[in-house]
Protein chains: 2
Amino acid sequence: MKIAVDAMGGDYAPLEIVFGAVRAAKKYHCEIVLVGDEAKIREVLSKEPGWEKLGISIHHASQVIEMGEHPADAVRTKKDASIVVATRLVKDGVCDAVLSAGSTGAAVTAAQLILRRIKGIGRPTIATPMPTPKGVTLLLDSGANVDSKPEHLVQSGIMGSIYAEYVFKIKNPRVGLLNIGEEETKGNEQAKATYALLKNMHTINFCGNAEGRDVPKGNFDVVICDGFVGNVVLKFAEGLAKTILKLIKEAIKGGGILAKLGAFLLMPTLKKLGKRLDVTEYGGAPLLGVNGCCIISHGSSNAKSICSAIGVANDYVRGDVLAHIQDTLAKEDILTHDGEKK
Amino acid sequence: MKIAVDAMGGDYAPLEIVFGAVRAAKKYHCEIVLVGDEAKIREVLSKEPGWEKLGISIHHASQVIEMGEHPADAVRTKKDASIVVATRLVKDGVCDAVLSAGSTGAAVTAAQLILRRIKGIGRPTIATPMPTPKGVTLLLDSGANVDSKPEHLVQSGIMGSIYAEYVFKIKNPRVGLLNIGEEETKGNEQAKATYALLKNMHTINFCGNAEGRDVPKGNFDVVICDGFVGNVVLKFAEGLAKTILKLIKEAIKGGGILAKLGAFLLMPTLKKLGKRLDVTEYGGAPLLGVNGCCIISHGSSNAKSICSAIGVANDYVRGDVLAHIQDTLAKEDILTHDGEKK
């Protein structure tokens with residue numbers, strides 16, 4: 001197992017990325033190739049004595065794609081950008097997976113251009129695991145594509161179902177279509193047309209429409225939606241969680257001695273709960289639908305998130321997710337991205 | 001001030017609706033007409049001695065539109081349904097506002113068919129107030145329409161801005177377009193086309209794209225989006241809040257004596273915070289874009305929510321929201337719902 005990590009991508013790169021990689025090398029005993037500015041990476045590594053014995057190596061790349069750049073233009077022109085070089089290591093069979101906390105658009109574009117789409121897949125999709133009281137729900141697409149066609153959403157459903165089965169070990173995962181009501185007739189044109197395709201499928205366990213509230217409650221294992229909606233919902237959840245936490249802290253701060261004592265006594269319990277609901281426990285979301293394992297991490301990832309994300313790459317590769325998706329699509333009589341039967 | 005309340009709509013109708021109306025009559029000193037099955041309403045009122053002196057009256061309606069019914073068919077065929085009769089009371093000038101916690105589709109359809117759309121408005125929109133640390137953010141459309149055209153979203157922006165100004169007393173409200181990134185080039189076709197229209201407008205204070213996380217943080221006063229996205233986001237928020245609360249309670253229950261003591265000491269502080277973030281403090285969302293005040297309440301509304309919602313109707317009418325919207329649209333050189341200049 002060898003994982004290419006884009007050391008230059010992310011708000012806290014290369015520092016937190018490199019530290020996360022070191023942590024993961026110890027935890028998962030996998031080889032890691034840090035891709036990016038060698039001098040900068042080496043400087044961070046110098047703070048981690050003994051890193052050479054952990055199976056960590058450096059692959060120099062002279063360029064970086066910044067957050068504001070146009071993804072397709074940047075990937076095409078910056079041939080030596082860290083994310084481009086890292087993705088190519090997967091294409092060339094040197095590495096089993098690529099991971100980046102840099103520009104999501106650049107990572108998705110690099111994967112599409114270099115690894116190419118799986119046959120039968122019109123658009124790749126980002127599958128974000130969300131912790132719920134019942135375990136985990138996979139939300140996809142969470143931002144790789146917008147204005148997706150119904151066939152694309154169906155393909156997301158197939159891929160998400162396979163991922164949930166082989167990575168989360170959920171038998172016959174419950175797949176839901178994110179919509180504004182339970183009934184088949186509800187929703188926008190995209191949702192209604194997708195429902196019509198899904199209800200006739202036997203490959204996946206389609207359980208009908210999922211309403212917004214079903215996602216945090218964990219009523220479905222896999223929830224499919226357009227990348228526009230998925231992205232808005234995920235960022236909303238992130239903002240809401242942070243806001244609630246901030247307000248609770250402020251309230252305790254301004255709440256007198258008894259409130260402070262109460263908070264102190266309650267802290268261990270809340271911390272345990274927080275850990276259970278912590279999104280950084282997953283740390284990364286796989287991009288499904290390309291010929292290779294590509295893991296997208298949040299821009300604000302710290303060492304802990306990066307370590308978890310490398311764990312996700314590990315699970316993806318060991319679960320043989322790619323082969324399962326390729327096999328299923330080869331067997332299935334589903335619609336291709338052009339809307340025609342294969 | 002006279003408000004028509006659909007006494008038969010909602011999960012806890014007529015009980016909680018009637019109790020809420022009594023509470024509001026005391027609080028806001030407005031007249032209330034309870035519309036629905038007279039015998040059932042009278043039975044509930046019998047538990048509220050002295051209700052006759054509060055300016056509450058009953059208007060009998062023999063039919064009810066159930067949640068599962070097709071809104072347009074039901075509104076057209078059930079001429080004596082409580083929501084239809086209540087809406088007609090506004091049309092006829094008997095009442096100043098109508099309020100329902102029943103089928104949202106039926107309430108919206110009744111308003112459209114009976115009150116009619118305001119000239120210059122292609123589609124009415126539900127404007128839901130969300131509590132934030134900075135005050136309140138109005139999210140619209142939160143479910144009246146899906147697959148809206150860019151012009152409809154622009155109209156939502158104008159109406160939301162007026163509502164925020166005259167009801168929430170926010171000077172020059174900051175209007176944002178819900179999108180997946182800050183940049184003008186981000187988003188789906190609908191968002192990009194809407195941005196292009198909004199950036200040239202001088203009637204409203206358009207401040208660019210709002211990402212999902214900006215909504216709970218309260219970074220905008222008014223956030224506009226398609227009803228599909230708005231509905232998913234609102235229900236997601238509702239589910240997330242409930243899930244977090246449930247998990248905290250469970251954690252405390254299973255957390256030993258110190259955790260329980262801590263929770264006890266912290267409770268007053270958290271309750272104060274909870275009140276600040278409580279959505280039932282608003283209780284209802286106005287349907288903007290029809291010629292009359294129509295307030296939509298959550299199906300699970302209790303007496304407290306209904307009372308608050310009647311407060312919303314009060315604010316709407318006293319703020320002269322309808323006249324301000326009509327005036328602005330009459331003056332404005334904006335696109336009509338057909339995409340043509342007026």
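Because the structure is a prediction, the values reported are computed rather than measured.

1. Section: the overall build of chain A
In terms of helices and strands, chain A carries 12 helices and 11 strands. Considered along the principal axes of its C-alpha atoms, chain A spans approximately 60 × 60 × 35 Å. Out of the 342 residues in chain A, the part that is buried amounts to 57%. If you take every contact in chain A between residues at least 6 apart in sequence, the share linking residues at least 24 apart comes to 72%. For chain A, the exposed area adds up to about 14300 Å²; of that, 52% sits on carbon and sulfur atoms.

2. What about the interface of chain B and chain A?
Each partner contributes residues to the interface: chain B has 47 residues there, and chain A has 47 residues. Both sides of the chain B and chain A interface together cover about 4600 Å² of buried area, and 77% of this is carbon and sulfur. Of all residues in chain B, B:Ile180, B:Phe228 and B:Phe236 bury the most surface against chain A, accounting for 15% of the area lost on that side. Applying the counting criterion to the chain B and chain A interface returns four salt bridges. Residue B:Glu211 is joined to A:Lys235 by a salt bridge in which the shortest nitrogen-to-oxygen separation is 2.4 Å. Viewed at the interface, chain A and chain B are joined by 10 residue pairs in polar contact (both at pLDDT 80 or more). Along the lines of polarity and charge, the residues of the side of chain B that touches chain A split into 28 nonpolar, 11 polar and eight charged.

3. Regarding the packing of aromatic side chains
Counting across every chain of the model gives six aromatic pairs over all chains. Taking 5.6 Å as the distance between ring centres and 85 degrees as the angle between the ring planes, the aromatic pair formed by B:Tyr163 and B:Phe168 counts as edge-to-face. With centroids separated by 6.2 Å and ring planes inclined at 50 degrees, the aromatic side chains of B:Tyr163 and B:Tyr316 adopt a geometry described as tilted. In this pair, B:Tyr163 is assigned in helix α6 (residues 150-166) and B:Tyr316 in helix α11 (residues 303-318), connecting sequence segments 153 residues apart. Judged by its relative accessible area of 3%, B:Tyr316 is buried. An aromatic cluster of three or more residues is present, and its members are A:Tyr163, A:Phe168 and A:Tyr316. Against the face of A:Phe220 rests A:Arg174, its NZ or CZ located 5.4 Å from the ring centre.

4. Focus: the pairing of strand β10 (residues 285-288) of chain A
Residue and element names in this part refer to chain A. The alternating pattern of β10 places Ala285 and Leu287 on one face and Pro286 and Leu288 on the opposite face, and all of these are buried. Bridge count between strand β5 (residues 125-132) and β10: two bridges; the pairing is antiparallel. Note on β10: the bridge partner recorded for Thr125 is Leu288. Where β10 lies against strand β11 (residues 293-296), two bridges are found, and the strand directions are antiparallel. Residue pairing across strands places Ala285 opposite Ile296, the latter belonging to β11.

5. With respect to the sheet that holds strand β5 (residues 125-132) of chain B
Residues and elements named next belong to chain B. Read across the sheet, 11 strands follow the order β3-β2-β1-β4-β11-β10-β5-β6-β9-β7-β8 without closing on themselves; strand pairing throughout is mixed. Strands at the two margins of the open sheet, each flanked by one partner only, are β3 (56-60) and β8 (205-210). Across the sheet, the axes of successive neighbouring strands diverge by a mean angle of 25 degrees, strand direction being ignored. Two strands pair when backbone bridges link them, and strand β10 (residues 284-288) and strand β11 (residues 293-297) are joined in this way by three bridges, in the antiparallel orientation. Where helix α2 (residues 38-45) meets the sheet, it contacts β2 (31-36) and β3, and its direction lies at approximately 155 degrees from that of β3.

6. A closer look at the domain arrangement of chain A
Residues and elements named next belong to chain A. In terms of domain boundaries, chain A breaks down into domain 1 (1-121 + 289-320) and domain 2 (125-280). On a C-alpha basis, the centres of domain 1 and domain 2 stand 25 Å from each other. Buried area between domain 1 and domain 2, both sides added, is near 1000 Å², and the carbon and sulfur share of it is 58%. Considering only the surface of domain 1 that becomes buried against domain 2, Ile121, Lys304 and Gly319 emerge as the three largest contributors, covering 32% of it. The tally of links between domain 1 and domain 2 comes to zero salt bridges.

7. Let's talk about helix α5 (residues 104-115) of chain A
In an α-helix there are 3.6 residues to a turn, and that puts residues three or four apart on one side. Residue and element names in this part refer to chain A. An ideal rise of 1.5 Å per residue puts 16 Å on 12 residues; α5 measures up with 16 Å between its terminal C-alpha atoms. For α5, the complete set of buried residues consists of Ala106, Ala107, Val108, Thr109, Ala110, Ala111, Ile114 and Leu115. On its buried side, α5 packs onto α3 (71-77), α4 (82-91), β4 (97-100), β5, β10 and β11. Just beyond α5, the residue with positive phi is Arg116, at close to 70 degrees.

8. Concerning the relation of the copies chain B and chain A
Once turned by 180 degrees and shifted 0.0 Å along the axis, chain B lies on chain A with an RMSD of 0.0 Å. With respect to symmetry, the two chain copies, as superposed, fit the operation of a two-fold axis. Rotation axis and chain B: the residue whose C-alpha lies nearest the axis is B:Gly262, separated from it by 1.8 Å. When the interface residues of chain B are mapped onto chain A, 100% of them again lie at the interface, so the same face is used by both copies.

9. Section: the nonpolar core
Of all hydrophobic cores here, the largest spans 156 residues; its most connected members are A:Ile32, A:Leu34, A:Ile310, B:Ile32, B:Leu34 and B:Ile310. Each residue touching A:Ile32, except ones within four places of it in the same chain, is listed here: A:Ile3, A:Val5, A:Ala21, A:Ala24, A:Ala25, A:Gly55, A:Ile56, A:Ser57 and A:Ile310.

10. Regarding the pattern of salt bridges
Per the counting criterion, the structure on display carries 20 salt bridges over all chains. Beyond isolated ion pairs, a larger network of salt bridges with shared partners links A:Glu211, A:Arg213, B:Lys235, B:Glu238 and B:Lys242.

11. Overview of unusual backbone geometry
The linkage connecting A:Leu140 with the following residue, A:Asp141, adopts the cis geometry, with an omega of 5 degrees. For A:Asp141, the location among the structural elements is in the loop between β6 (135-140) and α6 (150-166). Located in the positive-phi region is B:Asp147, a residue other than glycine, with phi close to 50 degrees.

12. Observations regarding the packing of helix α9 (residues 227-253) of chain A against helix α9 (residues 227-253) of chain B
At a minimum axis separation of 10 Å, α9(A) and α9(B) run at an interaxial angle of 35 degrees. In this structure, α9(A) meets α9(B) at a crossing whose hand is right-handed. The residues of α9(B) that touch α9(A), namely those facing A:Phe228, A:Val229, A:Val232, A:Val233, A:Phe236, A:Ala237 and A:Leu240, are B:Phe228, B:Val229, B:Val232, B:Val233, B:Phe236, B:Ala237 and B:Leu240. In terms of residue class, the contact of α9(A) with α9(B) is made up of 14 nonpolar, no polar and no charged.

13. Quick look at the packing of helix α1 (residues 15-28) of chain A against helix α11 (residues 303-318) of chain A
Residues and elements named next belong to chain A. Packing of α1 against α11 leaves a shortest axis separation of 7 Å and a crossing angle of 50 degrees. One element, α1, and the other, α11, form an angle in the oblique class. Two packed elements cross with a definite hand, and for α1 against α11 that hand is right-handed. For the pair formed by α1 and α11, the contact residues are Glu16, Ile17, Phe19, Gly20, Ala21, Arg23, Ala24, Lys27 and Tyr28 on the first element and Ala303, Lys304, Ile306, Cys307, Ser308, Ile310, Gly311 and Asn314 on the second. Among the residues forming the contact of α1 with α11, the class breakdown is nine nonpolar, four polar and four charged.

Criteria and cut-off values
- Residues numbered from 1 in each chain as written.
- Chains lettered and ligands numbered in written order.
- Predicted model: local features only at pLDDT ≥ 70, side-chain atom pairs only at ≥ 80, totals over all residues.
- Heavy atoms only, no water.
- Helix = DSSP H or I, 4+ residues; strand = E, 2+ residues; numbered from the N terminus.
- Buried < 20%, exposed > 50% of the residue type's maximum accessible area, 1.4 Å probe, protein only.
- Contact = heavy atoms within 4.5 Å.
- Areas by Shrake-Rupley, 256 points an atom, 1.4 Å probe, with all protein chains shown as cover.
- Buried area = accessible area lost by both parts, 1.4 Å probe.
- Salt bridge = Lys/Arg side-chain N within 4 Å of Asp/Glu carboxyl O.
- Polar contact = N/O pair within 3.5 Å; in protein donor to acceptor, adjacent residues only side chain to side chain.
- Nonpolar A, V, L, I, M, F, W, Y, C, P; charged D, E, K, R; others polar.
- Phe/Tyr/Trp six-rings, centres within 6.5 Å; stacked < 30°, edge-to-face > 60°.
- Lys NZ or Arg CZ within 6 Å of the ring centre and 35° of its normal.
- Pairing = 2+ DSSP bridges.
- Axes fitted to C-alpha atoms, helices over the stretch in contact; angles between N-to-C directions.
- Domains from an automatic or database assignment.
- Expected span 1.5 Å × (residues − 1).
- Least-squares fit on C-alpha atoms with pLDDT ≥ 70 in both.
- Core = buried A, V, L, I, M, F, W, Y, C linked by side-chain atoms within 4.5 Å.
- Left-handed = near helix turned anticlockwise from the far one by under 90°.
- Parallel < 35°, antiparallel > 145°, perpendicular 65-115°, else oblique.

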